[in-house]
Structure formats: C-alpha cells, structure tokens
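The primary structure of each chain is shown beneath.
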Amino acid sequence: VGIPRDAEAGGKYLSVFASSNIIEKGVDLTSRQRVGSLLYINVAGEVTRRGELIALNSPFLIAGDSQWSMSLGNGGTTHYRSHYNASVQQLFGEEVIASSGGDALILPGTVRTLVDSLPAPKLPGIYKLVYTIGLGDTPAVKEVRYVLYVPPAMAMVLVLGLTLGISLLVQKKRR
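Rules of the game
- Residues numbered from 1 in each chain as written.
- Predicted model: local features only at pLDDT ≥ 70, side-chain atom pairs only at ≥ 80, totals over all residues.
- Heavy atoms only, no water.
- Pairing = 2+ DSSP bridges.
- Helix = DSSP H or I, 4+ residues; strand = E, 2+ residues; numbered from the N terminus.
- Phe/Tyr/Trp six-rings, centres within 6.5 Å; stacked < 30°, edge-to-face > 60°.
- Buried < 20%, exposed > 50% of the residue type's maximum accessible area, 1.4 Å probe, protein only.
- Axes fitted to C-alpha atoms, helices over the stretch in contact; angles between N-to-C directions.

S.K.: In this structure, what is going on with the sheet that holds strand β6 (residues 80-90)? I would like to understand it.
M.R.: Strand pairing in a sheet takes place through backbone hydrogen bonds and is either antiparallel or parallel in direction. Overall, mixed pairing links the 5 strands, which are arranged β4-β10-β9-β6-β7 in an open sheet. On the outer flanks of this sheet lie β4 (61-62) and β7 (96-106), each paired with one strand and no other.

In structure tokens form, the structure reads like this:
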C-alpha cells in the first residue's frame, strides 16, 4: 500500500480482500473462499484524537455479576485506542475489590458503544464504582458512581421481612 506524498494528514482506512472460486468437477457447485484484512494507517502531520465520553450507563442495584456500558466519540482526524477500567471499591477508601477493563479502537467521526462486565463483590453493601476511560489526546475521564449489592438470597429475606412488617402494621391498625 502506497500513500501519495500530498496525502492529507490523518487516518486512512481500507479493507483488502482476496478471493478465489472453486468449481467442483461433476457437480454444478461453485464455492468462494475469501480472506480479508483491515488496514488502519496514519498519515504523519497534524493529527488529532479528540475523544469524548458521550454516555456512561452504570448499574445502581446489582444481585450478581452485571454489565456497564459507555458510548465514546472521536471528533479527531485519526483513530485512537481507548484504554478503560472499572473498579469496585470500598465505600470509604481506595481498596479495590474487583475490576475489569480493556481497550477498543475508536475511528474518527464515529460513536462506538462498548459493553463490559462488572464483577460482583463478595459481601452485600454499598460500593463505589470508579471508571477510568482513556480518550486519545483528550485527558482521561474518571467517573465515580455508587452501587448497592444485594445477593438474591438476601433480597428474598428483605422482601419477606418487609412483607411481614407491613402485614403486622396492617393488623395492628385494624385492632
């Protein structure tokens, strides 16, 4: 792949495909074999990677492993790789109980939605979720959200207790 000397700076993207037709002898059948590859090329010069966090969807109540998602945009002239991490921390302090993360390619002029898993803590309670999201040339964003973790067995006990409490209040009021 050659780039012209007068090419504008920024990201250039193309797909290369190779294919062949295979004809079975004695049978009226043709199959096509295809191989493809994507090429991401940066032409040197003044390039920008203007990332933007458009949306962050974080759970506020979980009963086990759950998911979170974000939408990232790129208003720059070339692609960037967003490195992201979500960590579950104690409500007070910085102790990380669980974390997940990864990276994704964000092409210029696009919005990409990413979904990742969020591991559940071991004990019920209120926890802090700290999201760190890389945005190319734009400084990384750090978002803090809070989540209530109630395991299914504990949720059943709470619902049962609440039902019993309401029932006792109603009976007391009737007397």
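S.K.: Explain the packing of aromatic side chains here, please?
M.R.: The description of two aromatic rings rests on the distance between their centres and on the angle between their planes. Applying the stated criterion to the full structure yields 3 aromatic pairs. Seen in terms of ring centroids, tyrosine 13 and tyrosine 40 are 5.8 Å apart; in terms of plane orientation they differ by 65°. Their pairing is edge-to-face. Highlighted residues: tyrosine 13 in strand β1 (residues 10-23) and tyrosine 40 in strand β2 (residues 30-43), separated in sequence by 27 residues. Judged by its relative accessible area of 29%, tyrosine 13 is partly exposed. On the numbers, 5.9 Å between centres and 80° between planes, the contact of tryptophan 68 with tyrosine 84 is edge-to-face. Within this pair, whereas tryptophan 68 is found in strand β5 (residues 66-74), its partner tyrosine 84 is found in strand β6, the two being separated by 16 residues in sequence. What makes tryptophan 68 buried here is its relative accessible area of 2%. Among the aromatic residues, those joined into a cluster by ring pairs are Trp68, Tyr84 and Tyr131.

S.K.: Explain the sheet that holds strand β3 (residues 51-57) here, please?
M.R.: Spatially, β3-β5-β8 is the arrangement adopted by the 3 strands of the open sheet, whose pairing is antiparallel. Among the strands making up the open sheet, the edge pair consists of β3 and β8 (111-118). Here the average twist between neighbouring strands, direction ignored, is 25°. Judged from the 6 bridges that link them, β3 and β5 form a sheet pairing that is antiparallel. Within β5, the position partnered with asparagine 57 by the bridge is serine 69.

By themselves, these observations are geometric and do not establish any function.
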